[in-house]
Amino acid sequence: MASLVKSVDQLVSKATCLFKEIFDGEAPKIAACAPGRVNLIGEHTDYNLGYVLPMALPLVTVVVGSVASGREATVVTVSENADEPRRVDLSLPKEGFPPSELASEGCPLAPGLPHWANYVRGVIHHFRAHPLPGFRAVVVSSVPLGAGLSSSASLEVAFYTFLQQLRPDDGNKISKAIACQQAEHTHAGVPCGIMDQLVSVLGIESHALLIDCRSLESTLVPLTDPGLVFLISNSNVKHSLASSKYALRRAECEKAAMVIGKPSLRDATMKDLEGSRDQLDDVTYRRACHVIGEIQRTVKAADSLKRGDYQQFGKAMVESHNSLRDLYEVSCKELDDLVSAAMEVEGVLGSRMTGGGFGGCTITLVKARAIERTIEHIQRRYSGTPTFYVATPSVGAQSLKLP
Ligand code: GLA
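Residues numbered from 1 in each chain as written. Predicted model: local features only at pLDDT ≥ 70, side-chain atom pairs only at ≥ 80, totals over all residues. Heavy atoms only, no water.

K.L.:
When you look at the sheet that holds strand 2 (residues 51-52) in this model, what are you seeing that I'm missing?
P.N.:
Hydrogen bonds between backbone atoms are what pair the strands of a sheet, whose relative direction is either parallel or antiparallel. Sheet architecture is open: three strands sit in the order 2-7-8, paired in antiparallel fashion. One side of each edge strand has no neighbouring strand; the edge strands of this open sheet are strand 2 and strand 8 (217-222). Examined bridge by bridge, strand 7 (residues 207-212) and strand 8 share six bridges and lie antiparallel to one another. Across the sheet, the residue bridging to Ala208 is Val221, located in strand 8. Those strands touched by helix 8 (residues 282-307) are strand 2, strand 7 and strand 8, and its axis lies near 40° from that of strand 8. (Pairing = 2+ DSSP bridges. Helix = DSSP H or I, 4+ residues; strand = E, 2+ residues; numbered from the N terminus. Contact = heavy atoms within 4.5 Å. Axes fitted to C-alpha atoms, helices over the stretch in contact; angles between N-to-C directions.)

K.L.:
What am I meant to see in the pairing of strand 3 (residues 54-67) here?
P.N.:
Side-chain positions along a regular strand alternate between the two faces of the sheet. Of all 14 residues making up strand 3, twelve are buried, and the element is well covered by its neighbours. Pairing between strand 1 (residues 30-39) and strand 3: nine bridges, direction antiparallel. Paired with Val38 across the two strands is Met55, which belongs to strand 3. In this structure, strand 3 lies alongside strand 6 (residues 135-141), joined through seven bridges in antiparallel fashion. (Buried < 20%, exposed > 50% of the residue type's maximum accessible area, 1.4 Å probe, protein only.)

K.L.:
What exactly am I supposed to notice about the site of the ligand here?
P.N.:
If you check the shell around the ligand, you find Arg37, Glu43, His44, Asp46, Tyr47, Cys192, Gly193, Met195, Asp196, Tyr246, Gly355 and Gly356 and nothing else. Taking Asp46, its side chain carries an N or O atom lying 2.5 Å from an oxygen atom of the ligand. A distance of 2.6 Å separates an oxygen atom of the ligand from a polar atom in the side chain of Asp196. Notes on the ligand: free accessible area 300 Å², of which the protein chains cover 91%. When its residues are assigned to classes, the shell around the ligand shows four nonpolar, four polar and four charged. (Near = heavy atom within 4 Å. Polar contact = N/O pair within 3.5 Å; in protein donor to acceptor, adjacent residues only side chain to side chain. Areas by Shrake-Rupley, 256 points an atom, 1.4 Å probe, with all protein chains shown as cover. Nonpolar A, V, L, I, M, F, W, Y, C, P; charged D, E, K, R; others polar.)

Structure follows, in structure tokens:
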């Protein structure tokens, strides 16, 4: 539950202690943090330039550090269950190194091992103000890894925010999110959309963000009704092939848009899709059907939420889940079971898988008075061991003052 989640202050003191331990008693001078996210509706629509409705979470990644002499960058990370801190020593490219060669083999920041450091390498590579001074940094996080709550985006955005204090860029938030998304593409090998990085940068307390992934404009949707709670249930499973299937889905959508004759599925209507049905194989048709339907559903659902029509919003959540399960085929038994169990409880208005799928979490809209019994019921019905979080809409990335 939310109260068990480490606060930013706790994470900062943990990172500070570790920093002192590793770097001979030196105290870190700068700190930054960025949140993970949960998406309320609008799944697999961002890379089709459609709409998404995520919120930033109180689960965050914190980076503390200081400037060091020379061109060396030392980054240490420790995860909740890792016994030993993991360390990587990177050399920053020399001044004047051509940006076009930054990702080439042999370049100091080219992707490599350990894999987790690729997020850091990628963010340094795509950072929008070079050269950077050498630095030392310690990273800690309360965002569960591989749970579909964007631990990687929170690491990228927290790290970028840290670098901004070493060397300020122009401060443009959208460009910052795009740079972090690029890091994920070029260095982690995941062709993700913009949702995770954008909400990690722009998140606002007490609000979800309706993001238009074509214009990158966002509209605030207040979530202040004390009678309602968004509950995250983590299945604690992650199926392999999740990222290769993600890339495949993206390619299927591009193929569908091409056959329909539109630049992206955002530009296609159900009528366009039906008009091209004969030229589409069944799988591609169903993928496009999910995306076009989900984009429309997301806009309508955001409107229901604004109007306080929670029944309608809950209904849209379930429709979204069914479409992801049957048409887009990115759900799995564990997620379907969590959704079914939640929907059996009186006071639950809607539930769906959230994030990329193939494991990870569900998000459930439930009346505040029914929260305990919802958790108990899911625990009883789900065959694995779920973890629960109350999704409190939180602030995006920030630099932090050290005590
Ligand atoms: C992952 C990606 C996002 C988005 C979701 C699915 O979280 O990082 O860009 O595509 O999957 O909605």
